[in-house]
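# Summary of structural features
Here are the chains, one letter per residue:
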Amino acid sequence: AYNEFNTTFQDYLTATAGQQFDPPITFRMEPLNFLTLFSSADQATVDFIYLNPSAYSCVESEYEAHSLASQVSRRNINGAVYHLKKFGGVIATLANRTDIQTIYDLKDKRIAAASISGLGSGQMQFKQMVDNGMNYLQDPEQLVFTSNQGLVVQGLLSG
């Protein structure tokens, strides 16, 4: 997220909103993970937080945060622009794992997610398990929370 949004949150806000103050202020983007997000909100070490809807609902109820804006996402793929209206996640496995073909095959397997509060790397997948009569805490052999989506992918690739 830092590389994708730093220009918006640091450069743009400093050049526009920051100039409305006397003296002008600067904005600095601070990458947070699922662990530091809540401690930073609790200790009031951040002024603005950009996060997914699931984490926002936690911060809103716990720390009385208020939404200033919502994101509308779009992707340009080979010249075609897609306006994304839904939030989702994926369940991925290595192509050579022929023993995992359906969601039911996750039973007795090791599963990783960024966080239980992660909407795209946790809750969306858990909902699919529950919707299919599974228990995301009891059915896997092990459920690991990494606090980082990149670590989930690294774990998958390393086996």
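Residues numbered from 1 in each chain as written. Predicted model: local features only at pLDDT ≥ 70, side-chain atom pairs only at ≥ 80, totals over all residues. Heavy atoms only, no water.

## Overview of the layout of surface pockets
So the rule is basically this: The way it works is a 1 Å grid over only the protein atoms, where trapped points that fit a 1.4 Å probe form a cavity and open points with protein on both sides within 12 Å along at least five of seven lines form a pocket, and then any residue with an atom within 4 Å of a point lines it. Grid points are joined across faces, edges and corners, and a volume is the space filled by probe spheres set on the points. In this description a helix means any DSSP run of H or I spanning at least four residues, a strand means any run of E spanning at least two, and both kinds are numbered starting from the N terminus. Three classes are used: nonpolar for Ala, Val, Leu, Ile, Met, Phe, Trp, Tyr, Cys and Pro, charged for Asp, Glu, Lys and Arg, and polar for all others, with Gly counted as polar.
The space that makes up the second largest pocket amounts to roughly 850 Å³. Lining of the second largest pocket is provided by 31 residues; of these, Ala92, Ile111, Ala112, Val152 and Leu156 occupy positions nearest its centre. Elements represented by at least two residues in the lining of the second largest pocket include exactly strand S3 (110-113), helix H4 (119-131), strand S4 (142-145) and helix H5 (149-158). Looking at the lining of the second largest pocket, its residues break down into 16 nonpolar, 12 polar and 3 charged.

## Here's the deal with the nonpolar core
Test applied: Here, nonpolar core means buried Ala, Val, Leu, Ile, Met, Phe, Trp, Tyr and Cys residues that are tied together by side-chain atoms lying within 4.5 Å of each other. Only protein chains enter the accessibility calculation, which uses a 1.4 Å probe. A residue is then buried if its area is under 20% of the maximum for its type, exposed if over 50%, and partly exposed in between. Residue contacts follow a heavy-atom distance rule, with two residues in contact if any of their heavy atoms lie within 4.5 Å.
Within the largest apolar cluster, 6 residues are counted, these being Ile100, Ile103, Leu106, Ile111, Met129 and Met134. The residues contacting Leu106, other than those within four sequence positions of it, are Ile91, Ile100, Ile111, Met129, Met134, Asp139 and Pro140.

## Examining the pattern of salt bridges
We count it as follows: Should a side-chain nitrogen of Lys or Arg be within 4 Å of a carboxyl oxygen of Asp or Glu, the pair is scored as a salt bridge.
Inspection of the entire model under this criterion finds 5 salt bridges. Among the salt bridges present, the one from Glu30 reaches Arg28, with a minimum N-O distance of 2.5 Å. Linked through salt bridges whose partners overlap, the residues forming this network are Arg97, Asp99 and Lys109.

## Some remarks on H5
The cut-off we apply is this: By the criterion applied in these results, polar contacts are pairs of N or O atoms within 3.5 Å in which, for protein atoms, one can donate a hydrogen and the other can accept it, and in which residues neighboring in sequence qualify only through two side-chain atoms.
Measuring from the side-chain oxygen of the N-cap residue of H5 to the backbone nitrogen of Gly150 gives 2.6 Å; that N-cap residue is Asn148. Backbone geometry just downstream of H5 places Gly159 in the positive-phi region, at approximately 90°.

## Observations concerning the packing of aromatic side chains
Think of a pair of aromatic rings as described by two things: how far the centres are apart, and how the planes are tilted against each other in angle. Worth spelling out the cut-off: Stacked, tilted and edge-to-face pairs are distinguished by plane angle, under 30 degrees for stacked and over 60 for edge-to-face with tilted covering the rest, among Phe, Tyr and Trp rings (Trp via its six-membered ring) whose centres lie within 6.5 Å.
Applying the stated rule across the entire model yields 6 aromatic pairs. Residues Phe5 and Phe9 carry aromatic rings whose centres are separated by 6.0 Å and whose planes lie at 50° to one another, so their mutual orientation is tilted. Placement of the pair is Phe5 and Phe9 together in helix H1 (residues 2-15), with a separation of 4 residues, close to one helical turn. Taking the relative accessible area as the measure of exposure, Phe5 reaches 16% and is therefore buried. We classify Phe9 as partly exposed; its relative accessible area is 25%. Counting every residue linked through ring pairs, the aromatic cluster contains Phe5, Phe9 and Tyr50.

## Considerations on the environment of Phe145
Among the structural elements, Phe145 can be located in strand S4. The spatial distance from the C-alpha of Phe145 to the C-alpha of Ala113 is 5.1 Å, given a sequence separation of 32 residues.

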